[in-house]
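# Inside the fold
Each chain, letter by letter, is given below.
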Amino acid sequence: MSDDLKQPFLDELKSVTSLSDAAALKVKYLGKKGLVTAQIKSLSTLSPDERKQAGQQINELKQFIEAECDKKESVFKNDELKIRLLSESIDITLPGKFAAFGSEHPLSKTLGEVIDIFTRMGFSVEEGPEVELDQYNFEALNIPKDHPARDMQDTFYVSDDIVLRTHTSPVQVRVMENRKPPLRFIAPGKVYRCDADVTHSPMFHQVEGLMVDKDIKFSHLKGVLITFLRQLFGPDIPVRFRPSFFPFTEPSAEIDMGCILCKSAGCRVCKGSGWLEILGAGMVNPKVLENVGYDPEEYTGFAFGMGIERIAMLKYSIDDIRLLFENDIRFLRQFS
Ligand code: DAH
């Protein structure tokens, strides 16, 4: 009787195509409720002689099925392993790769903070060209032909009427020419002057600021700049406005803050005065407003300008401006 099962088993074995097929086939024949198992159970109904013979046959069949299923299983196991090895071929003994982290440059960091503070006060951010017309860099800003800033010693001339901008103030003119008040923006960027020592670099960064509207007063300028300096250097920093002169503002002021290095006691950096000069500013000169077609009777405004290198050097106690441009990794790493 057990031979009845051999051929069906062999037929089914042909259609086995996976490890789980093989396992299922084994269960079908040899499992607790398997076909072969049922025959073993039914042996008890036979006479002793018949049982002996049938038992032997069934045992042979059982061993045969077991062996065939195991063979199939090991073939598939081997195939699966090969596929996995191919698809997951990683050499886990290799050392890991570590990405080197950079850090933000102290100038970018400082500029970012300045921009953040003014943006929070509602100022937008504008840009202008670094190669600028003499007209915008000087003329429209009321800087006369004989002004010392126009000297070849200070200004890089590209041609008779084109310069590398010496300050970010020309952006004031460009924006005003194209828009009507109210205006409130800052203009950060690179500027160029023929100058180089421990505190001067031929290329450096400035942030210009301008606010123009009806009824803008010097008190607005004071409020904005004091708020700015206290956010940047701390809420208790003393600030003072000193009368000064710029052709494009009237009246003009230079703004000092208490020396952050000696806490106003007097040191080498503040030259014993306890004060550090940090900004130039003033009320926009009516001539500048006229130059861009605004009516100075209707509109007033204030402007200010500052150097980013100077602020970064004070903030991080850097005593040589060249450190900011040499990009020595040992220096830059300290700001990560
Ligand atoms: N442009 C000036 C400079 O480069 C800085 C400055 C001073 C800008 C006063 C201003 C200002 O807008 O009102 O030295």
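All figures in this text were calculated on a predicted structure; none of them were measured in a lab.

### Description of the domain arrangement of the protein chain
- Domain boundaries in the protein chain define domain 1 (3-87) and domain 2 (106-335).
- On a C-alpha basis, the centres of domain 1 and domain 2 stand 90 Å from each other.

### Notes on the sheet that holds strand β10 (residues 300-307)
- Spatial strand order, β1-β5-β6-β10-β9-β8-β7: seven strands in an open sheet with mixed pairing. The sheet terminates laterally at β1 (124-125) and β7 (239-246), the two strands that pair on one side only.
- As judged from the 10 bridges shared by strand β5 (residues 183-192) and strand β6 (residues 203-213), these two strands associate in the antiparallel manner. Note on β6: the bridge partner recorded for Phe185 is Leu210.

### Digging into the packing of helix α2 (residues 19-30) against helix α4 (residues 48-87)
- As a packed pair, α2 and α4 sit with axes 8 Å apart at the nearest point and diverge in direction by 165°. With respect to α4, the axis of α2 lies roughly antiparallel. Judged by the twist between their axes, the crossing of α2 over α4 is left-handed. Along the contact surface, α2 presents Leu19, Ala22, Ala23, Lys26, Tyr29 and Leu30, while α4 presents Lys62, Ile65, Glu66, Cys69, Asp70, Lys72, Glu73, Phe76, Lys77 and Glu80.
- Broken down by class, the residue content of the contact of α2 with α4 amounts to eight nonpolar, no polar and eight charged.

### Focus on the site of the ligand
- Around the ligand, the surrounding shell holds 15 residues, and the nearest of these are His167, Ser169, Arg193, Gln206 and Glu208.
- Arg193 is positioned with one of its side-chain polar atoms (N or O) 2.7 Å from an oxygen atom of the ligand.
- Glu208 is positioned such that a nitrogen or oxygen atom in its side chain is 2.6 Å from an oxygen atom of the ligand.
- For the shell around the ligand, the secondary structure elements donating two or more residues are β6, β9 (275-284) and β10.

### Observations regarding the packing of aromatic side chains
- Scanning the model with the defined rule gives 12 aromatic pairs in all.
- Each ring, one from Phe9 and one from Phe64, has its centre 6.3 Å from the other, and the planes form 75°; the classification is edge-to-face. One end of the pair, Phe9, is in helix α1 (residues 3-14); the other, Phe64, is in helix α4, and 55 residues separate them in sequence.
- Exposure remark for Phe9: the relative accessible area of 0% places this residue in the buried category.
- Classification of Phe64 as partly exposed rests on a relative accessible area of 24%.

### Concerning unusual backbone geometry
- Each neighbour pair has its own omega, and for Pro181 with Pro182 the value is 5°, a cis peptide bond.
- Note that Pro182 resides in the loop between α7 (170-178) and β5.
- Backbone torsion omega between Glu250 and Pro251 reads 0°, so that peptide bond is classified as cis.
- The topology assignment puts Pro251 in strand β8 (residues 249-258).
- Look at Asn142: it is not a glycine, yet its phi comes out positive at around 65°.
- The phi torsion at Asn327 lies on the positive side, around 55°, for a residue other than glycine.
- Tracing the sequence through the fold places Asn327 in the loop between α11 (323-326) and α12 (329-332).

### Structural notes on the nonpolar core
- Within the largest apolar cluster, 42 residues are counted, with the highest numbers of intra-cluster contacts made by Phe118, Leu229, Ile278, Phe302, Phe304 and Met306.
- Elements with a contribution of two residues or more to this core: α5 (106-120), β6, α8 (218-233), β8, β9, β10, α10 (308-315) and α12.
- In terms of residue count, the dominant contributor to this core is α8 (seven residues).
- Apart from residues no more than four positions distant in its own chain, Ile278 is found in contact with Leu229, Phe233, Ile255, Asp256, Met257, Met306, Ile311 and Leu314.
- Within the second largest apolar cluster, 23 residues are counted, among which are Phe138, Leu141, Val175 and Val284.

### Details of the pattern of salt bridges
- Per the stated rule, a full pass over the model turns up 18 salt bridges.
- What you see here is one network of salt bridges that share partners, running through Arg240, Arg242, Glu254, Asp256 and Glu277.

### Quick notes on the environment of Thr119
- When you line up the elements, Thr119 lands in helix α5.
- Taking relative accessible area as the criterion, Thr119 reaches 42% and is therefore assigned partly exposed.
- Remark: the alpha-carbon pair of Thr119 and Ser18, spanning 101 residues in sequence, is separated by 66 Å.

### Remarks on the state of the cysteines
- The final tally for this structure, using the stated rule, is zero disulfides.
- In this model Cys270 remains outside any disulfide bridge; the closest cysteine sulfur is found in Cys262, 3.7 Å from its own.

### Observations regarding helix α3 (residues 35-42)
- Those residues of α3 not exposed but buried are Val36, Thr37 and Gln39. Buried residues in α3, looked at end-on, bunch into an arc of 160°, giving them a common side.

### Brief notes about the sheet that holds strand β4 (residues 162-164)
- One open sheet holds the three strands; their spatial order is β2-β4-β3, and the pairing between them is antiparallel. Two strands close off the open sheet at either side, each with one partner strand: β2 (131-133) and β3 (157-159). The sheet shows a mean angle of 35° between the axes of neighbouring strands, taken without regard to direction.
- Bridge count for β3 against β4 is two bridges, and the pairing is antiparallel. When the bridges of β4 are listed, Tyr157 appears paired with Val163.

Reading the values: rules and limits
- Counting restarts for each chain: residues are numbered from 1 in the order of the written sequence.
- With the structure being a predicted model, the display of local features is reserved for residues of pLDDT at least 70 and the display and counting of side-chain atom pairs for 80 or more, all residues being used for whole-chain, interface and lining totals.
- Neither water nor hydrogens contribute to the side-chain values; these are computed over all heavy atoms in the structure.
- These domain limits were set by an automatic method or by a database of domain assignments.
- In short, DSSP must find at least two bridges between two strands for them to pair.
- Helix numbering and strand numbering both begin at the N terminus, where a helix is a DSSP run of H or I of at least 4 residues and a strand a DSSP run of E of at least 2.
- Angles here are taken between N-to-C directions and fall from 0 to 180 degrees, while the axes themselves are lines fitted to C-alpha atoms, restricted in helices to the stretch in contact.
- What sets the label is the angle itself: under 35 degrees gives roughly parallel, over 145 gives roughly antiparallel, 65 to 115 gives roughly perpendicular, and the rest give oblique.
- Rotating anticlockwise by less than a right angle from the far helix to the near helix defines a left-handed crossing, while the corresponding clockwise rotation defines a right-handed one.
- Whether two residues are in contact is decided by their heavy atoms: any pair within 4.5 Å suffices.
- When residues are sorted by character, Ala, Val, Leu, Ile, Met, Phe, Trp, Tyr, Cys and Pro go into the nonpolar class, Asp, Glu, Lys and Arg into the charged class, and all the rest, Gly among them, into the polar class.
- By convention in this text, a residue qualifies as near a molecule or strand provided that one of its non-hydrogen atoms is within 4 Å of it.
- Any pair of nitrogen or oxygen atoms within 3.5 Å is treated as a polar contact; in protein, a donor-acceptor pairing is required on top of that, and neighbouring residues in sequence qualify only through side-chain atoms on both sides.
- When two rings of Phe, Tyr or Trp (its six-membered ring) have centres within 6.5 Å they constitute a pair, described as stacked for plane angles under 30 degrees, edge-to-face for angles over 60, and tilted for the intermediate range.
- Residue burial is assigned from relative accessible area. The probe radius is 1.4 Å, only protein chains are included, and a residue is buried under 20% of its type maximum, exposed over 50%, and partly exposed in between.
- What we call a nonpolar core is a set of buried Ala, Val, Leu, Ile, Met, Phe, Trp, Tyr and Cys residues that are connected through their side-chain atoms within 4.5 Å.
- One speaks of a salt bridge when a side-chain nitrogen belonging to Lys or Arg is within 4 Å of a carboxyl oxygen belonging to Asp or Glu.
- Disulfide: a pair of cysteine sulfur atoms within 2.5 Å of each other.
- It is the directions from the helix axis to the C-beta atoms that the arc portrays.

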